[in-house]
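As a plain string of letters, each chain reads:
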Amino acid sequence: METGYAREVGGRAEQQDAVTVLHGPDGQGALLLVADGMGGHEGGALASQTAVATAERLWHRHAGRAADPCTLLETLFHETHAALLESGGTDPARRPGTTLVALYVTPHAAVWAHCGDSRLYHFEGDALQGRTRDHTRVQQLVDQGVISEAQMATHPEQNQLLQGLGVIDPVRVEYDEAPVTRHTRFLLCSDGFWEQFGPGAIADLLERPDLESATVEAAREAARRGGPRGDNVAVAAWRAARPRGRMWRRHLKARIQPTLALLLLLAAALAILLWPLD
């Protein structure tokens, strides 16, 4: 397996995103997570780091192996939530809060969970299998057919979260799972990343020869696109195996197909011109 992760402060005064990748001792399992501290609440950086610290503690407790991945993720989310509730007291406006998306993956299976609008994208090769559904007002508008998927990143209500660890109690966490093949790829990211890159660009990133450097470059580019008022950026990527020339074949196919279409059109035109009139 290959992994990569990175984060950028973007146009913000403080980095409130957190990201980590934890590897098992035998190299056969990994835990990836991205957390986005809520900028509208005090202690957003503390909240996202609490999620990372909780993951690291649980990972060490299980010695990097999860006999029950769903239980591991459930414990991660609920212990993070409980710690944030305790640190914030009774006033919801003063509680530190964070989104969280986490993935536990082995060579054979993957389990993931999320709360908020940090996302997981699941690919088989360059084909998108699905993504997590944001817990936001804007996601509701997409589901209702009011706006399109492409309009989410720039919608004025984009930051209206409906779920988040530490600020909404009881919290709702969603879980999913999938088998892993040699073509499986995952990308986890905060909204500062997915607002700048669509699924096609993410698929290209996951096919790059050096996944670690590609992830670093993509985070830097997302921050650049966000500009001086852009959001923090965090991203983590996982793939089962290094691609074997798939990007080269895809780009070659993209060049060949229009040429073939033009040749067929010319052949049809010549056939019409040369067709015997009698």
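First, a word on what this report is: a plain description of the structure on this page. (Residues numbered from 1 in each chain as written. Predicted model: local features only at pLDDT ≥ 70, side-chain atom pairs only at ≥ 80, totals over all residues. Heavy atoms only, no water.)

### Description of the nonpolar core
If you look at the biggest cluster of nonpolar residues, it comprises 26 residues, and the most contacted ones within it are L31, L33, L73, L76, F77, L100 and L165. Put simply, the parts of the chain that give this core at least two residues each are strand 2 (17-23), strand 3 (30-37), helix 1 (44-61), helix 2 (69-88), strand 4 (98-105) and strand 5 (109-115). Every residue in contact with L165, bar those within four places of it in the chain, is listed here: M38, F77, T80, H81, L84, P96, G97, T98, L100, C115 and V171. (Core = buried A, V, L, I, M, F, W, Y, C linked by side-chain atoms within 4.5 Å. Buried < 20%, exposed > 50% of the residue type's maximum accessible area, 1.4 Å probe, protein only. Helix = DSSP H or I, 4+ residues; strand = E, 2+ residues; numbered from the N terminus. Contact = heavy atoms within 4.5 Å.)

### Some remarks on the pattern of salt bridges
The final tally for this structure, using the stated rule, is 13 salt bridges. Note that R119 and D134 form a salt bridge whose closest N and O atoms lie 2.9 Å from each other. Of this pair, R119 sits in strand 6 (residues 119-124) while D134 sits in the loop between strand 7 (127-131) and helix 3 (137-143); the two residues are 15 residues apart in sequence, bridging distant segments of the chain. There is no split in this pair, since R119 and D134 are both buried. Among the salt bridges present, the one from E221 reaches R225, with a minimum N-O distance of 3.0 Å. Taken together, the residues span about one helical turn, with E221 and R225 both in helix 6 (residues 211-226) at a distance of 4 residues. Via salt bridges that share partners, R119, R131, D134 and E149 belong to a single interconnected network. (Salt bridge = Lys/Arg side-chain N within 4 Å of Asp/Glu carboxyl O.)

### Regarding the sheet that holds strand 7
One open sheet accounts for 5 strands, arranged 1-10-9-6-7; its pairing is antiparallel. At either margin of the open sheet sits one strand with a lone partner, and together these are strand 1 (2-8) and strand 7. Neighbouring strand axes in the sheet, compared pairwise and without regard to direction, differ in orientation by 15° on average. Two elements, strand 6 and strand 9 (residues 184-189), share 6 bridges in a ladder whose sense is antiparallel. Each residue of the ladder has a partner; that of R119, found in strand 9, is C189. In the packing of helix 6 onto the sheet, contacts are made with strand 1 and strand 10 (233-239), and the angle to strand 1 comes to roughly 25°. (Pairing = 2+ DSSP bridges. Axes fitted to C-alpha atoms, helices over the stretch in contact; angles between N-to-C directions.)

### Some details on the packing of aromatic side chains
Scanning the entire structure with this criterion turns up 4 aromatic pairs. Both rings, one in F193 and one in F197, keep their centres 4.9 Å apart while their planes meet at 25°; by these two values the pair is stacked. Take F193 and F197: they sit in the same class, and that class is buried. Aromatic rings pair up to connect W112, F186 and W238 into one cluster. The residue whose ring lies beneath R119 is W194, and the NZ or CZ to ring-centre distance is 3.5 Å. (Phe/Tyr/Trp six-rings, centres within 6.5 Å; stacked < 30°, edge-to-face > 60°. Lys NZ or Arg CZ within 6 Å of the ring centre and 35° of its normal.)

### A word on helix 5 (residues 199-206)
Those residues of helix 5 that sit buried are I202, A203, L205 and L206. The buried residues of helix 5 occupy an angular sector of 160° when the element is viewed end-on, so they sit on one face. (Arc of directions from axis to C-beta.)

### Observations regarding the side chain of Q139
Among the secondary structure elements, Q139 is positioned in helix 3. For Q139, the side chain forms a polar contact with the side chain of R131, separated by 3.1 Å. Contacts of Q139, omitting those with residues within four sequence positions, involve R131, R133, D134 and M152. (Polar contact = N/O pair within 3.5 Å; in protein donor to acceptor, adjacent residues only side chain to side chain.)

### A closer look at the pairing of strand 6
Regular strands show a simple pattern: their side chains alternate between the two faces of the sheet. Among the 6 residues of strand 6, 5 are classified as buried, and the element is accordingly described as predominantly covered. In this structure, strand 6 lies alongside strand 7, joined through 4 bridges in antiparallel fashion. Each residue of the ladder has a partner; that of F123, found in strand 7, is L128. Where strand 6 folds back on strand 7, the antiparallel hairpin that results is connected by 2 residues, among which G125 adopts a positive phi of roughly 65°.

### Points about the sheet that holds strand 8 (residues 174-179)
Spatially, 5 strands are ordered 2-3-4-5-8 in an open sheet, and the strand pairing comes out antiparallel. Either end of the sheet is taken by a strand with one partner, and the two such strands are strand 2 and strand 8. In this sheet, neighbouring strand axes are inclined to one another by 10° on average, regardless of whether the strands run parallel or antiparallel. As defined by bridge partners, strand 4 adjoins strand 5 across 6 bridges and the pair is classed as antiparallel. Bridge pairing links L103 to W112 in strand 5. Along the sheet, helix 2 contacts strand 3, strand 4, strand 5 and strand 8; its crossing angle with strand 4, the most-contacted strand, is approximately 160°.

Fair warning: the whole summary comes from geometry, so function is off the table for now.
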